[in-house]
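So the chains spell out like this:
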Amino acid sequence: MAKEMAQKPFQAPDQKLPSSLKDIDYDHYRKIRFKPDRAIWRGDKLPFQLQLFHRGFFYSSRVDLFEVADGKASAIVYSPDLFTFEDVKPPDPGNDLGFGGFRIHAPINRPDYYDEVGVFLGASYFRAVAKGETYGLSARGLAINTADPKGEEFPTFKTFWIEKPQHGTSSIVVHALLDSKSAAAAYRFTIRPGETTIYDVEMALYPRADIAEPGIAPMTSMFFFDANDRADIDDFRPAVHDSDGLAMHNGRGEVLWRVLTNPKDLQISSFYDNNPRNFGLLQRQRDFAAYEDLESHFETRPSLRAEPIGDWGSGEVRLIEIPTKTEIHDNIVAFWRPKDPLKAKGEYNYTYRLHWGEGKAGEGLARFVKTMSGAADDTHRLFVCDIAGPKLKDVKPEAVRGEVTANVGKILNVVTQPNPQTGGWRLSFNLEPGNETVVELRARLMQNDEPLSEAWVYRWTP
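On a predicted model such as this, the values are computed, not experimentally measured, just so you know. (Residues numbered from 1 in each chain as written. Predicted model: local features only at pLDDT ≥ 70, side-chain atom pairs only at ≥ 80, totals over all residues. Heavy atoms only, no water.)

Another point: the overall build of the protein. In terms of helices and strands, the protein carries three helices and 33 strands. Scaling as 2.2 N^0.38, a compact globule of 462 residues should have a C-alpha radius of gyration of about 23 Å, and the protein matches this with 24 Å. Counting only C-alpha atoms and orienting by the principal axes, one finds that the protein spans roughly 75 × 50 × 40 Å. Here the protein, with 462 residues, has 52% of them falling under the buried criterion. Long-range contacts, defined as pairs at least 24 residues apart, comprise 65% of the intrachain contacts of the protein with a sequence gap of at least 6. (Helix = DSSP H or I, 4+ residues; strand = E, 2+ residues; numbered from the N terminus. Rg over C-alpha atoms; globule rule 2.2 N^0.38 Å. Buried < 20%, exposed > 50% of the residue type's maximum accessible area, 1.4 Å probe, protein only. Contact = heavy atoms within 4.5 Å.)

Glancing now at the sheet that holds strand 29 (residues 410-419). The strand order 26-27-30-29 describes an open sheet built from four strands, whose pairing is antiparallel. Two strands bound the open sheet, and with one partner strand each, they are strand 26 (367-375) and strand 29. When strand polarity is set aside, the average angle formed by the axes of neighbouring strands in this sheet is 15°. Pairing analysis gives seven bridges linking strand 27 (residues 381-388) to strand 30 (residues 424-432), with the strands arranged antiparallel. Bridging from a neighbouring strand, phenylalanine 383 pairs with phenylalanine 429 of strand 30. (Pairing = 2+ DSSP bridges. Axes fitted to C-alpha atoms, helices over the stretch in contact; angles between N-to-C directions.)

Turning our eyes to something else, we now look at the pairing of strand 4 (residues 72-75). Two elements, strand 3 (residues 64-69) and strand 4, share four bridges in a ladder whose sense is antiparallel. Its bridge partner being in strand 4, glutamate 67 is matched across the sheet by serine 74.

Laid out in structure tokens, this is it:
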């Protein structure tokens, strides 16, 4: 179906809605709630249930849903009786509006309650949580022309087929059809909730036109401020973000940690690679004291890693940081950009695994867990980084050193010392940028010539 669609001109999704829903605001949209007792498979004692989203607000595009059982697909039929509307006027019963999306429920935290574990809602966005977590960053089916001055193109999941799970299974399978002006695509998601929630993604992409700026396995998050970047911030909280860094394990075996910022101007960073092992946006600070927010609980937001399956060839992990003055906007985007443009009439297959969870790396190297920065004096910037991990337990203090470099400017006063408060180590240094407006920093903790830690990378701007 995706291949056939790509041979035809793009047809925009159906966005026709009754006037009572067309211009609805967020507060009124929240009042339209799916009735939990109407959940699909609720009475079947299966390991999963589905609840549905109404169309309205940002989610005006029609999405068609099908249940697949015994090899046959049956339409999930819209009815206003599936929802409560409070003071929003319900649509006429005979008006088949379709749906805005759906969410998946499973007993992830306790055996007698079906928590929400995943949601597909809006364009090609989807989110998930692991055990004990709350929603944070999002993934997407496909990104096109992200941060392009001419404007970004947002593909849309227009149809889903959800397979009815078997008794006792630990996974659920969702098929999706994506459409956009530049491409059509087919997806198969195999979803396994748990301590880490896994989405196995199989994707077949068919461009209608050449795509010079595709984003594969894209993810979108929010970074407002933290101890490394809180200029002009007047807020009682120490930090506000859904993710604090981009982690990469590249094809050369190098492990990188790129701390996020909220820049004054849009920033694009490219990390060139060949056959990456994994990359993702992580939330490493997991303590309430790091945020002090009783409502948002940023410490419970999931991390997300994309693990390519098979060879992806040459390209880059691209990070985009967009300035924001509030925490309500996602301003961080990361994805894999293939080296060569995707050609019209071609077929491109990508298979990858999404790991939703705390984002603990298994590479064995110590991790940079916190980055702090402030003025040392009128001409120098002080950076202080805390590093933790089992690899630091048996090191000889006299052999530990900090390796810090900058592409421009000067690095001064590099100091490494144990941090008894964390059981790890602390690395600090001064940056003298001079008249430079962009400085690329890189640091590692070393024992003689052996790396003890991943490589910390950072882009400083005034």
